[in-house]
Amino acid sequence: MKTAIRSRYFGNRQFYKTVFGIAVPIMIQNGITNFVSLLDNIMVGQIGTEQMSGVAIVNQLMFIYFLCMFGGVSGVGIFTAQYFGYKDHEGIRNTVRYKLWLGLIIAVAATLIFLFFGSTLIQSYLNGTEDGGDPVAALHYGEEYLKVILISLPAIYLSMTYSSTLRECGQTKVPMFASVIAVLVNLLFNYLLIFGKFGFPELGVIGAAIATVLSRYVEMLIVLVWCSRHRHSHPYFKGIFKTLRVPKELVAKFFKTGMPILVNEGLWSVGIALLAQAYSTRGLNVVAGHNIANTINNLFNIVFIAMGDAVAILIGQLLGAGELEKAKDWTRKLIVTGMLSALLTGSIMFATSGLFPQIYNTNEQARSIATAFIMVQAVAMLKDSFLHCSYFALRSGGKTIITFLFDSVFMMVVSVPLAYVLSRYTDISVVWIFIWVHAADLIKCLIGYILLKKGVWIRNIVKE
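Just so it is clear, the structure is predicted and the values come from calculations on it, not from any experiment.

**Considering the overall build of the chain**
Line of reasoning, step 1. Within the chain, the regular secondary structure consists of 15 helices and 0 strands.
Line of reasoning, step 2. Its C-alpha radius of gyration of 22 Å places the chain within 12% of the 23 Å reference for a compact globule of 464 residues.
Line of reasoning, step 3. Here the C-alpha coordinates of the chain stretch approximately 60 × 55 × 35 Å along the principal axes.
Line of reasoning, step 4. For the chain, the residues scored as buried account for 58% of the 464 residues in total.
Line of reasoning, step 5. For the chain, the exposed surface amounts to about 19600 Å²; the carbon and sulfur share of it is 67%.
Line of reasoning, step 6. Each charge class in the chain was averaged separately, 37 positive and 24 negative side chains, and the resulting centres sit 15 Å apart.

This is how it looks when you write it as structure tokens:
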């Protein structure tokens, strides 16, 4: 009995060697990125609550762009992973060309939106702040930061196009290396430009923005140069620019499968922004506390996030190779591994929840809110791990309409209205609003379990 359970839910040594060969570089990349983001956040937080809040709001808006770009490249990336498993190099080239066109459209659209409506969007987070903070100052700092950070949009677009392709083809070390170098550049120039060290000007939030822009372009250059120099060992990078035309039948196929993911990621990121906006109606200290909590949460959730990426890559390749039963078996084991890792890291996060907010140069109310949010996120990590891995499993077989309904539609129909009503029509504390929004996700867990059990997502879409 024990042997049967073990073989059903846990893999052998080769399984974990393969999984962690994919996941560990992603964990290292995300870990260093989020650790430096924490240091970045602390540096800006040393200037003051208004500066930290202004930057946090802009980063929340930039998160929408980032996830739209991620949705665009990862939607067609389902085909990239399966083409790689099927050993179809021309198919991979066509996915890269499609990513280049789609990413360009997203980058241009985002730039225009931020240029014309950026101030209005920042202002929407600063209504109802009557807790002693200065919303006018926060708006000013947010506008300053946004003007500079817009320069990074093209670099993000090109980096994500090529890095996503490398990951989908099993090469996770190069994006990891590029990201590590980039975040170190970000950290160094944050220190030099925020505080004016070693003869550099003291630029505050503008210095933080310049450092971020520099790091994005460093990351882009590393990835592009590596791909150019390794075209012989990775032949799918050969001849991409001989033509930028993608066959019409493939455009239709990529669009049909990938567009729901783009819309899903876009709506989901908008939903996250609307949740943050709902919380922000309870004061500027909530904006600061929520920002601190999210930064810490991102640092701790790197393991289950990497497991979700492993699901997308490995299961996509297995489905492309026609190993459907193995894909189903590995999905179950990957989800269990992700949840066990979340249980461990969530416990550590809960135990240390009161320590991190003390590092920030803000007031006690903001620190108290941050601590409470971190505790809630720590408890919710087990649930979040299951949902994250389930999402990528359902998506790997091209059932993107299902994932669209499962993910962003649930967010916009359940989570956002719940936060809106509780924040505006009740006087319960913002921490309880945060708890209820997370608790609502248990409904989605049940839906995810049923969808995985049915196995409708298990299919080879490149042969189809």
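**A short note on the confidence of the model for the chain**
Line of reasoning, step 1. On average, residues of the chain carry a pLDDT of 85, and 93% of them reach 70 or more.
Line of reasoning, step 2. Mean pLDDT values for the elements of the chain range from 65 in helix 1 (residues 2-9) up to 93 in helix 8 (residues 205-229).

**Notes on the packing of helix 7 (residues 173-195) against helix 8**
Line of reasoning, step 1. Between helix 7 and helix 8, whose axes approach to 8 Å, the crossing angle comes to 155°. Between helix 7 and helix 8, the angle falls in the class roughly antiparallel. The two elements helix 7 and helix 8 cross, and the hand of that crossing is right-handed. For the pair helix 7 and helix 8, contact is made by Val174, Phe177, Ala178, Ser179, Ile181, Ala182, Val185, Asn186, Phe189, Asn190, Leu193 and Ile194 and by Gly207, Ala208, Ile210, Ala211, Thr212, Leu214, Ser215, Val218, Glu219, Ile222, Val223 and Trp226, respectively.

**So, the side chain of Thr80**
Line of reasoning, step 1. Assignment of secondary structure puts Thr80 in helix 3 (residues 49-86).
Line of reasoning, step 2. A relative accessible area of 0% places Thr80 in the buried class.
Line of reasoning, step 3. The residues contacting Thr80, other than those within four sequence positions of it, are Ile92, Thr95, Lys99, Thr165, Glu168 and Cys169.

**Considerations on unusual backbone geometry**
Line of reasoning, step 1. Unlike most non-glycine residues, Phe198 shows phi in positive territory, near 55°.
Line of reasoning, step 2. Tracing the backbone through its elements, the reader meets Phe198 in the loop between helix 7 and helix 8.
Line of reasoning, step 3. The exposed category is assigned to Phe198, whose relative accessible area is 73%.

**Considering helix 9 (residues 248-280)**
Line of reasoning, step 1. Relative to the 48 Å expected for 33 residues at 1.5 Å per residue, helix 9 spans 46 Å between its end C-alpha atoms, a close match to the ideal helical length.
Line of reasoning, step 2. At Gly258, helix 9 shows its strongest bend, of approximately 40°, with the proline Pro260 following within four residues.

**Re the pattern of salt bridges**
Line of reasoning, step 1. Inspection of every chain in the model, using the stated rule, returns 9 salt bridges.
Line of reasoning, step 2. Lys333 is the salt-bridge partner of Asp329, the closest N and O atoms lying 2.9 Å from each other. Linking Asp329 with Lys333, this pair stays in helix 12 (residues 324-351), spanning 4 residues, or about one helical turn.
Line of reasoning, step 3. Owing to a relative accessible area of 9%, Lys333 belongs among the buried residues under this scheme.
Line of reasoning, step 4. In this structure, a network of salt bridges that share partners links the residues Glu90, Arg93 and Arg97.

**Observations concerning helix 11 (residues 302-320)**
Line of reasoning, step 1. Its 19 residues give helix 11 an end-to-end C-alpha distance of 27 Å, which sits within 8% of 27 Å, the value for a rise of 1.5 Å per residue.
Line of reasoning, step 2. Within helix 11, 18 of the 19 residues are buried, leaving the element largely enclosed by the surrounding structure.
Line of reasoning, step 3. One or two residues past the end of helix 11 sits Gly322, with phi positive at roughly 85°.

**So, the environment of Tyr420**
Line of reasoning, step 1. Position of Tyr420 relative to the elements: it lies in helix 14 (residues 400-425).
Line of reasoning, step 2. Classification of Tyr420 as partly exposed rests on a relative accessible area of 40%.
Line of reasoning, step 3. Sequence separation between Tyr420 and Ala178 is 242 residues, and the spatial gap between their C-alpha atoms is 40 Å.

**What to know about the environment of Val263**
Line of reasoning, step 1. When you line up the elements, Val263 lands in helix 9.
Line of reasoning, step 2. For Val263, a relative accessible area of 35% gives the class partly exposed.
Line of reasoning, step 3. Considered as a pair, Val263 and Ile28 are 235 residues apart in the sequence and their alpha carbons are 29 Å apart.

**Describing the packing of helix 3 against helix 9**
Line of reasoning, step 1. Between helix 3 and helix 9, whose axes approach to 8 Å, the crossing angle comes to 150°. Between helix 3 and helix 9, the crossing angle belongs to the class labelled roughly antiparallel. Pair helix 3 / helix 9 crosses with right-handed handedness.
Line of reasoning, step 2. Looking at the contact of helix 3 with helix 9, its residues break down into 18 nonpolar, 9 polar and 2 charged.

**Considerations on the environment of Leu299**
Line of reasoning, step 1. By secondary structure assignment, the location of Leu299 is in helix 10 (residues 284-300).
Line of reasoning, step 2. On the basis of relative accessibility, which here comes to 18%, the residue Leu299 falls in the buried class.
Line of reasoning, step 3. In sequence terms Leu299 and Asn30 are 269 residues apart; their C-alpha atoms lie 7.9 Å from each other.

What counts and what doesn't
Residues numbered from 1 in each chain as written. Predicted model: local features only at pLDDT ≥ 70, side-chain atom pairs only at ≥ 80, totals over all residues. Heavy atoms only, no water. Helix = DSSP H or I, 4+ residues; strand = E, 2+ residues; numbered from the N terminus. Rg over C-alpha atoms; globule rule 2.2 N^0.38 Å. Buried < 20%, exposed > 50% of the residue type's maximum accessible area, 1.4 Å probe, protein only. Areas by Shrake-Rupley, 256 points an atom, 1.4 Å probe, with all protein chains shown as cover. Lys, Arg positive; Asp, Glu negative; His and termini not counted. Charge placed at Lys NZ, Arg CZ, Asp CG, Glu CD. pLDDT = per-residue confidence, 0-100. Axes fitted to C-alpha atoms, helices over the stretch in contact; angles between N-to-C directions. Parallel < 35°, antiparallel > 145°, perpendicular 65-115°, else oblique. Left-handed = near helix turned anticlockwise from the far one by under 90°. Contact = heavy atoms within 4.5 Å. Expected span 1.5 Å × (residues − 1). Bend = angle between axes of the 7 residues up to and from the residue. Salt bridge = Lys/Arg side-chain N within 4 Å of Asp/Glu carboxyl O. Nonpolar A, V, L, I, M, F, W, Y, C, P; charged D, E, K, R; others polar.

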